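Below are the chains, spelled out letter by letter.
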Amino acid sequence: MAFRWKNDLTAKDVTPKNLYVNRRQIMAGLSGLGLASIGGRAAAEGLEPNSYEEITSYNNFYEFGTGKGDPAENAHMLTTSPWSVEIDGLVDKPGTYDFQEIMSNMTIEERIYRFRCVEAWSMVIPWQGFELADLLDMVGVQPGAKYLAFQTALRPEEMPGVRYAVLDWPYVEGLRLDEARHPLTIMATGIYDQPIPNQNGAPLRLVVPWKYGFKSIKSIVRITATDQEPPTSWNKANAGEYGFYSNVNPNVDHPRWSQATERRIGGGLFASRQDTLMFNGYDEVASLYEGMDLAKNF
Ligand SMILES: Nc1nc2c(c(=O)[nH]1)N[C@H]1C(S)=C(S)[C@@H](COP(=O)(O)O)O[C@H]1N2
Ligand SMILES: [Mo]
């Protein structure tokens, strides 16, 4: 695995407010010595990372059931090795790429990101992964491409939740190409420096920290470069409630509840609701949406 050190980048380049933590700190954290340094640094911003237990036991992954505890209970059924990702559409090198082969070509980094679910709860998660842009460069996206379409595995024999038509399976998502190429957009492959657990989307899932969690599609088996805005599962299920962009926006309420505040998971007895930040606090993405009406393009 290649490791790229990005300590020369400013906070603006990577995560807001210096939330970037390097590999050594994460390793130290696991050995028990440095947890304070992760926590300390993030806590300085009021952003204590959630515990491994919280991150891996309170999940949405409807292929394994709609309850928050269902993925932790059922996702062990998913076979994640071997795993391959089909990359096709408007790319120079379409093909079926083995996950291990992808990993050996990618630079793995650590990023601590705020995570905001549309259900108005949030967590802070230390991810390991690679920039999606690096994968796109590997396969060569053609000039005509404007969007990426993503697809999750569909394996009825390993996914008890797909017996129910709560969504139109397989789970699909999409990004505009400039969103996909933004350095904040990663393909996550680990949490707290361990391979990503099945319930969190093993072996690789998208993380787009300025968008609601449902854009972060899990256990990806296909990525297609296209010139058309791709369909997305939640938009297909309820277009009035879930738009294509799904940017975290305290000023645009979900039709059934406010998005102005959020409840941080694991905050304990004295946890209070906090104000939700535009773009989940990742102001550096604002330029992607210049000139767009974000109440219309929600
Ligand atoms: N394939 C798939 N991806 C998915 C989902 C899902 O049901 N299926 N749920 C989404 C939603 S609603 C959220 S909030 C996040 C949750 O990610 P986490 O469990 O790692 O916190 O995954 C997203 N990705
Ligand atoms: Mo969500």
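Residues numbered from 1 in each chain as written. Chains lettered and ligands numbered in written order. Predicted model: local features only at pLDDT ≥ 70, side-chain atom pairs only at ≥ 80, totals over all residues. Heavy atoms only, no water.

Caption draft 1: Structural detail: the site of ligand 1. In the neighbourhood of ligand 1, 16 residues make up the surrounding shell, with Asn59, Tyr62, Glu63, Arg205 and Lys218 lying closest. Contact between ligand 1 and Asn60: a nitrogen atom at 3.3 Å from a main-chain N or O atom of the residue. With respect to ligand 1, the side chain of Glu63 contributes an N or O atom lying 2.8 Å from a nitrogen atom. Protein chains shield 99% of the accessible area of ligand 1, which is 530 Å² for the free molecule. Residue composition of the shell around ligand 1, grouped by class: seven nonpolar, six polar and three charged. (Near = heavy atom within 4 Å. Polar contact = N/O pair within 3.5 Å; in protein donor to acceptor, adjacent residues only side chain to side chain. Areas by Shrake-Rupley, 256 points an atom, 1.4 Å probe, with all protein chains shown as cover. Nonpolar A, V, L, I, M, F, W, Y, C, P; charged D, E, K, R; others polar.)

Caption draft 2: Representation of the environment of Leu154. Tracing the chain through its elements places Leu154 in the loop between strand 5 (147-152) and strand 6 (172-176). In sequence terms Leu154 and Val221 are 67 residues apart; their C-alpha atoms lie 8.9 Å from each other. Residues in contact with Leu154, not counting those within four places in the same chain, are Met159, Val162, Trp169 and Pro170. (Helix = DSSP H or I, 4+ residues; strand = E, 2+ residues; numbered from the N terminus. Contact = heavy atoms within 4.5 Å.)

Caption draft 3: Spatial organisation of the pattern of salt bridges. All told, the structure shown has 13 salt bridges when counted by the stated rule. For Lys68, the salt bridge identified is with Glu119, shortest N-O distance 2.9 Å. Taken together, the positions of Lys68 in the loop between helix 3 (52-57) and helix 4 (70-74) and Glu119 in the loop between strand 3 (109-116) and strand 4 (121-131) put the pair 51 residues apart, joining distant regions of the chain. Measuring nitrogen to oxygen at the nearest pair gives 3.1 Å for the salt bridge that ties Asp137 to Arg181. Here Arg181 lies in helix 7 (residues 177-181) and Asp137 lies in helix 6 (residues 132-139), a separation of 44 residues in the sequence. (Salt bridge = Lys/Arg side-chain N within 4 Å of Asp/Glu carboxyl O.)

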